[in-house]
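# Overview (structure and organization)
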Amino acid sequence: MMRSRRLPLLVVFALLCSASVGAAQDKRPLSFVDILELPTLQDPQLSPDGKQVLFVMDRPDWKANRRVGHIYRINSDGTNQVQLTFGERGESSPRWSPDGTSIAFTTRRDPDTNNQIYLLHAEGGEAHRLTNHPTAPGSLAWSPDGKTLFFTASDAKSAEEREKDRLLDDVYAFEETNFKQRHLWTTDLAGKTTRVTEGDWSVSGYELSANGSRIAMTRTPSPLLEFMDRTEVWVMDASGANARQLTDNKVPENGASLSPDGATVMFRSQSNERFDLYYNDKLFLVPAAGGTARVLLPDVPYGIEDAAWGADGKSIYFTANHGVHNEVMRVEVATKRVTQLSNGDHALGSWSFNEAAGLHVFTRNTAGRPAEIHLMANGAEPKRVTSVFDETLARFKVARQEKITWKGQDGVTVEGLLFYPVDYQAGQRYPLIVSTHGGPASSDRFGFSGDQQVYAGKGYAVLKPNYRGSTGYGDVFLRDMINGYFKQSHLDVMLGTDAVIAMGVADPAKLVKMGWSAGGHMTNKIITFTNRFKAASSGAGAANWISMYAQSDHREFRTPWFGGTPWQANAPIDLFWEHSPLKDVARVKTPTIFLVGAEDPRVPLPQSVEMFRALKSNGVPTHLYVAPREGHGWTELRHRLFKLQIEMEWFEKHVHGRVYAWEKVPGEEK
């Protein structure tokens, strides 16, 4: 009798195991189209009572050749996810009214000529346009009484300027008249707008005080990036009156915020207490009545990202960059005692804190799941609210990811993230893609990382090293690039590559190098430094630091890299040239492609042209691909798909000697 009872259980167990194996076998690696088709979640906003969350989810619109986002609402327990907006052009910046009954957001709908502010009942329905501003409003913030919305907007062109545009009589003075200042406005709920600030300067950021009577802001002489080092912290009445300047230096500042009692302004800056530039982001406090600004936590190794006052003004909550991960933390202002509130192999984004509800809200990206909305109470583990990627994870294989460490040439510990090939077999060696991050004042962090998932699915391991110059590892680590860009950074990358080879994962005869922006700078350096790589792709990378200095819209970090400018008396030209990849370009043997946006202001097209023409002249296999209309980052869907595939075609050709089969745009498969 016992046998007859046990036999069906064994059969059922076998069937379940068989089904489980079959389901696992049905999973496949992600393709490039798959990752572009994945939605992204951003800008989560917790309701005043903490019971609901608004967020924006965008998806690709291949016909429009761009991503389109819509606003969703979900209960804090993860139930009842509802799409609230459906406009053809998408919507963004949802903001709860203080009583939680209305939602303000921005969108453009016919017959709007640009984005406007719209209002929607929190339960849904038809939104109505609130503003009819001549330029697009942004940076929305409700007044605490819910009667007013603050926003920033660029100044409109005058009638004379519009007429000149019509006549094509449009010569302009470079970096003098080819922009419009950005100022602060309000609108009441009837749509009546009132200007708050004006002048020959721009509001780069602002925040209302807790009672809505005052504003802390950062302002700059121009909205152009060129002038970000002249950003300063100010306070003023909410009406715009009684403005007071609190800082006067040559470093960028941001995140100005008044303490609940109005006595102190908090802000962040990539500087030290003397306002010397090029440090991990630090938290500063300055009296709102004027006085000396001081760093609250001068000696911590991590960089401060976002920050918010606690309701009693005795503590500050913030997110901190710890290199391959970031965390939510709290500091007691009086004692400087720091408490870490979260801990994980993750990247947290779009963080904010609702102290009344006792909840932090953020996106959380991990190796095994793309960024989803999470809530976290102090002292508790993060709780996932959305489940957008359940179907994705059920359909596709996900690459294993782990942090690895190695020693730099000088003995300093360096970290990186290693993605293993899908279906990795221990003892087998695989081609390795070494992908370096941009910035370089940045860091690669744990996360799903769609591009790397595809590479792993195609049998490549991927190393993302946080080389010298990365943030989150202390100021000495970051400032290794001062007075010479390529000192330890490229050596860190090469030693990380050797570490993956020593692990038995990477095939030393099948190495690939790639990167964008500072990652492109690094690629250009690496191919002039070694011929160990079989193929390379350099995106928006610098070739010549001397010409780059003047061509780019961004200089303030490059000055400390080389100890001055190329055009000052006794200019450090030798140092600029010594660290320029173009100086050693004759050494390059690695087949390399270059990619850049035609309108890139940060690392302009001529930099890629210099490298491309040098390699072509020297007989090294190369191509230069230029994306029309694109700036420093490519955003058009077809351009993004092209970039991913032209790189993979190049790698497959030079690593494996095989032809890559291009994926088609959805709907164009035939």
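See the structure shown above.
Structure report, in brief. (Residues numbered from 1 in each chain as written. Predicted model: local features only at pLDDT ≥ 70, side-chain atom pairs only at ≥ 80, totals over all residues. Heavy atoms only, no water.)

## Brief notes about the sheet that holds strand S7 (residues 116–121)
To keep it simple, the criterion reads: For two strands to be treated as a pair, DSSP must find no fewer than two bridges joining them. Labels follow the DSSP assignment, with helices taken as runs of H or I lasting at least four residues and strands as runs of E lasting at least two, numbered in each case from the N terminus.
If you walk across this open sheet you meet the 4 strands as S5-S6-S7-S8, and the pairing is antiparallel. Strands at the two margins of the open sheet, each flanked by one partner only, are strand S5 (91–96) and strand S8 (128–129). Bridge analysis of S5 against strand S6 (residues 102–107) gives 4 bridges, and the strand direction is antiparallel. In the strand pairing of S6, Trp96 is matched with Ile103.

## Brief notes about the layout of surface pockets
Applied cut-off: Points on a 1 Å grid over protein atoms alone make up a cavity when a 1.4 Å probe fits among them but cannot get out, and a pocket when they form an open set with protein on both sides within 12 Å along at least five of seven lines; lining residues each have an atom within 4 Å of a point. Grid points are joined across faces, edges and corners, and a volume is the space filled by probe spheres set on the points. Under the convention adopted here, Pro, Cys and the residues Ala, Val, Leu, Ile, Met, Phe, Trp and Tyr are nonpolar, Asp, Glu, Lys and Arg are charged, and Gly plus all remaining residues are polar.
Considering only enclosed or pocket space, the largest pocket measures out at about 1,900 Å³ in volume. Residue lining of the largest pocket: 44 residues in total, with Gln45, Glu207, Leu208, Ser352 and Phe353 positioned closest to the centre. When residues of the lining of the largest pocket are assigned to their parent elements, the largest contribution, 5 residues, is made by strand S25 (residues 346–354). Of the residues contributing to the lining of the largest pocket, the split by class is 24 nonpolar, 14 polar and 6 charged. Approximately 1,400 Å³ is the volume found for the second largest pocket. Lining the second largest pocket are 43 residues, with Ser449, Gly450, Asp451, Gln452 and Arg640 positioned closest to its centre.

## Side note on the pairing of strand S35 (residues 592–597)
For a regular strand, side chains alternate in direction, first toward one face of the sheet and then toward the other. Let me state the cut-off plainly: Using a 1.4 Å probe on the protein chains alone, a residue whose accessible area is under 20% of its type maximum counts as buried, one over 50% counts as exposed, and one in between counts as partly exposed. By the criterion used throughout, a crossover qualifies as right-handed when its path from the first strand across the helix to the second strand runs clockwise, the strands pointing away from the viewer.
Most of S35 is tucked away: 6 of the 6 residues are buried. Residues Thr592, Phe594 and Val596 point to one face of S35 and Ile593, Leu595 and Gly597 to the other, with burial holding for every one of them. Bridge count for strand S34 (residues 535–539) against S35 is 4 bridges, and the pairing is parallel. Bridging from a neighbouring strand, Ser538 pairs with Phe594 of S35. Handedness of the crossover joining S35 and strand S36 (residues 622–627) through helix H12 (residues 605–617) is recorded here as right-handed.

## Some thoughts on the packing of aromatic side chains
The criterion, for reference: We call Phe, Tyr and Trp rings a pair once their centres come within 6.5 Å, taking the six-membered ring for Trp, and we label the pair stacked below 30 degrees between planes, edge-to-face above 60, and tilted otherwise. Placement of a positive charge over a ring is assigned whenever Lys NZ or Arg CZ falls within 6 Å of the ring centre and within 35 degrees of the normal to the ring plane.
For the structure shown, the criterion picks out 25 aromatic pairs. Look at Trp561 and Phe562: their rings are 6.4 Å apart centre to centre, the planes differ by 90°, and that puts the pair in the edge-to-face class. Its relative accessible area of 3% is what places Trp561 among the buried residues. Here the aromatic cluster, defined as three or more aromatic residues joined through ring pairs, consists of Tyr278, Tyr485, Phe486, Trp545, Tyr549, Phe557, Trp561, Phe562, Trp567 and Phe576. A cation over a ring is seen here: Arg109 above Tyr118, with NZ or CZ 5.4 Å from the ring centre. The ring centre of Tyr420 lies 3.9 Å from the NZ or CZ of Arg400, which sits over that ring.

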